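Structural overview
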Amino acid sequence: MSTRRTFLKQGSLLAGTAMLPMQHIMAQALGIEAGQMQSLRRNVGIYTERGGTIGWMIDKSGVIVIDTQFPDQATNFIGKVKEQTDRKIDLLINTHHHGDHSGGNIAFKGLVNQVVAHSNSKINQERVAKEKGNVDQTLFPDTTYDTEWTKNVGDEIVKLHYFGAGHTNGDTMIHLENANIVHMGDLLFNHRLPYIDPSAGASIQNWIKVLRKARKTFDKDTLFIFGHAGEGYEVTGDLSALKAKELYLKKLLKYVKKEKKKGTTIEQLKEKTETIPGATEWGGGRMKNINLQVAWDELGG
Ligand SMILES: [Zn+2]
């Protein structure tokens with residue numbers, strides 16, 4: 001397995017456009033299951049394989065990619081894009097820095113004109129790459145923004161929104177305005193307990209505000225793409241998913257605050273809590289304890 005991976009990784013580093021279909025065929029011959037391209041509206045769709053959901057827009061005069069999963073998955077995805085267009089990718093956007101969303105950027109080296117992310121996401125991407133010692137094998141954003149950023153690509157208007165810290169301190173919501181599709185990145189785990197990353201400036205209290213503002217900014221016809229979903233749930237949906245996540249985060253904070261006041265310790269809290277009261281449908285498991293810990297730390301003494 002490691003040899004295959006190494007081969008594909010090196011392949012993707014060396015690949016020019018012409019090599020990609022061959023590489024794609026090789027991946028298939030080696031028995032590596034590629035994911036699926038799924039159309040949503042207009043020329044916009046998603047690709048799912050392993051990692052955060054990839055969003056794409058492909059038309060005659062423009063190609064946009066949102067997030068890149070990991071290098072092998074990104075290579076498979078690029079193969080699928082090349083089946084549809086010879087065009088160089090106009091724009092790659094990272095919703096945030098986590099490896100399952102930006103780790104595949106390197107496969108796009110030389111194949112994309114512009115890479116954009118929130119300024120904090122770029123800082124996080126650089127920090128993590130330094131920590132892992134793989135700066136050379138990473139493709140960083142060449143463009144950043146702070147609150148809003150717009151660009152016309154093909155027949156789409158792309159608008160990036162930043163409403164403050166949530167899942168990290170650098171989460172972008174990407175609105176493809178003509179299709180009225182918004183990629184939420186990891187600001188939304190559909191029917192799944194969220195990962196919250198305080199090491200990258202996450203804030204539960206602000207995440208609630210971010211989701212509320214998103215519900216006011218977008219509308220009932222907006223189709224949302226989610227970073228992840230629970231077993232048996234979709235990675236797309238409507239405003240109700242945002243409302244549900246907002247409610248979960250509120251219940252989490254309220255519960256931890258109440259238990260703190262009662263004198264419960266964090267260890268006792270983890271031990272006795274199976275699910276969050278008022279949000280039991282979200283389930284428990286390992287992520288439950290991480291959520292409790294982050295809420296505990298955020299609420300302070
Ligand atoms: Zn994430």
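As a starting point, this report considers the structure included with it. (Residues numbered from 1 in each chain as written. Predicted model: local features only at pLDDT ≥ 70, side-chain atom pairs only at ≥ 80, totals over all residues. Heavy atoms only, no water.)

Attention now moves to the coordination of the zinc ion. Ideal values for angles at a metal depend on the geometry: 109.5 degrees with four tetrahedral donors, 90 or 180 degrees with six octahedral donors. Distances from the zinc ion to its protein donors, H96 (NE2), H98 (ND1), H167 (NE2) and D186 (OD), fall within 2.1 to 2.2 Å. For the zinc ion, the four donor atoms in the first shell make angles of 88 to 167° at the metal, so the coordination geometry reads as irregular. Binding-site remark: the zinc ion is held by donors from one chain whose sequence spacing is H-x1-H-x68-H-x18-D. With a gap of 88 residues between them, H98 in the loop between β5 (91-93) and α4 (99-102) and D186 in the loop between β11 (181-183) and β12 (189-190) connect regions that are remote in the sequence. Both residues of the pair, H98 and D186, belong to the buried class. (Donors = N, O, S within 2.8 Å, 3.2 Å for Na, K, Ca; no water. Tetrahedral: all angles 85-135°; square planar, octahedral: opposite > 155°, others 65-115°. Helix = DSSP H or I, 4+ residues; strand = E, 2+ residues; numbered from the N terminus. Buried < 20%, exposed > 50% of the residue type's maximum accessible area, 1.4 Å probe, protein only.)

One pass over the full model with this rule turns up eleven salt bridges. Residue E156 is joined to R42 by a salt bridge in which the shortest nitrogen-to-oxygen separation is 3.9 Å. Of this pair, E156 sits in strand β9 (residues 156-161) while R42 sits in the loop between β1 (36-41) and β2 (44-48); the two residues are 114 residues apart in sequence, bridging distant segments of the chain. Of the charged contacts in the structure, one is a salt bridge between R212 and E246, with a shortest N-O distance of 3.8 Å. With R212 in helix α6 (residues 204-217) and E246 in helix α7 (residues 239-262), this residue pair connects regions lying 34 residues apart in the sequence. Take R212: its relative accessible area is 33%, and that puts it in the partly exposed class. The network of salt bridges with common partners includes R212, R215, E246 and K250. (Salt bridge = Lys/Arg side-chain N within 4 Å of Asp/Glu carboxyl O.)

Take the pairing of strand β6 (residues 115-118) next. The side chains of a regular strand alternate, residue by residue, between the two faces of the sheet. Where β5 and β6 come together, two bridges link them in parallel fashion. The partner of L92 across the bridge, within β6, is V115. Sheet analysis places β6 next to strand β7 (residues 143-145), joined by three bridges and oriented parallel. By the bridge assignment for β7, V116 is matched with T143. (Pairing = 2+ DSSP bridges.)

Turning our attention to the nonpolar core. The biggest cluster of nonpolar side chains holds 35 residues, and the ones touching the most others in it are M173, M184, I204, Y248, L252 and V256. Put simply, the parts of the chain that give this core at least two residues each are α6, α7, α8 (266-272) and α9 (286-299). With eight residues, the top contributor of residues to this core is α7. Look past the residues within four positions of M173 in its chain and what remains in contact with it is K159, L160, H161, F163, V182, H183, M184, L187, V210, A214 and F218. Formed by 22 residues, the second largest nonpolar core is a distinct cluster that contains I46, V158, I174 and A179. (Core = buried A, V, L, I, M, F, W, Y, C linked by side-chain atoms within 4.5 Å. Contact = heavy atoms within 4.5 Å.)

What links the strands of a sheet is backbone hydrogen bonding, and the strands pair in either a parallel or an antiparallel sense. Pairing is mixed in the open sheet, where six strands are placed in the order β8-β9-β10-β11-β13-β15. Each edge of the sheet is formed by a strand with only one pairing partner; in this case those strands are β8 (148-153) and β15 (236-237). Two strands pair when backbone bridges link them, and strand β13 (residues 223-225) and β15 are joined in this way by two bridges, in the antiparallel orientation. In the sheet register, I225 faces β15, and the bridge partner there is T236.

Between α7 and α9, the shortest axis-to-axis distance is 9 Å and the interhelical angle comes to 65°. With respect to α9, the axis of α7 lies roughly perpendicular. The handedness of the crossing between α7 and α9 is right-handed. Between α7, through Y248, L252, L253, Y255, V256, K257 and K260, and α9, the contact on the second element is made entirely by N291, L292, A295, W296 and L299. Of the residues contributing to the contact of α7 with α9, the split by class is nine nonpolar, one polar and two charged. (Axes fitted to C-alpha atoms, helices over the stretch in contact; angles between N-to-C directions. Parallel < 35°, antiparallel > 145°, perpendicular 65-115°, else oblique. Left-handed = near helix turned anticlockwise from the far one by under 90°. Nonpolar A, V, L, I, M, F, W, Y, C, P; charged D, E, K, R; others polar.)

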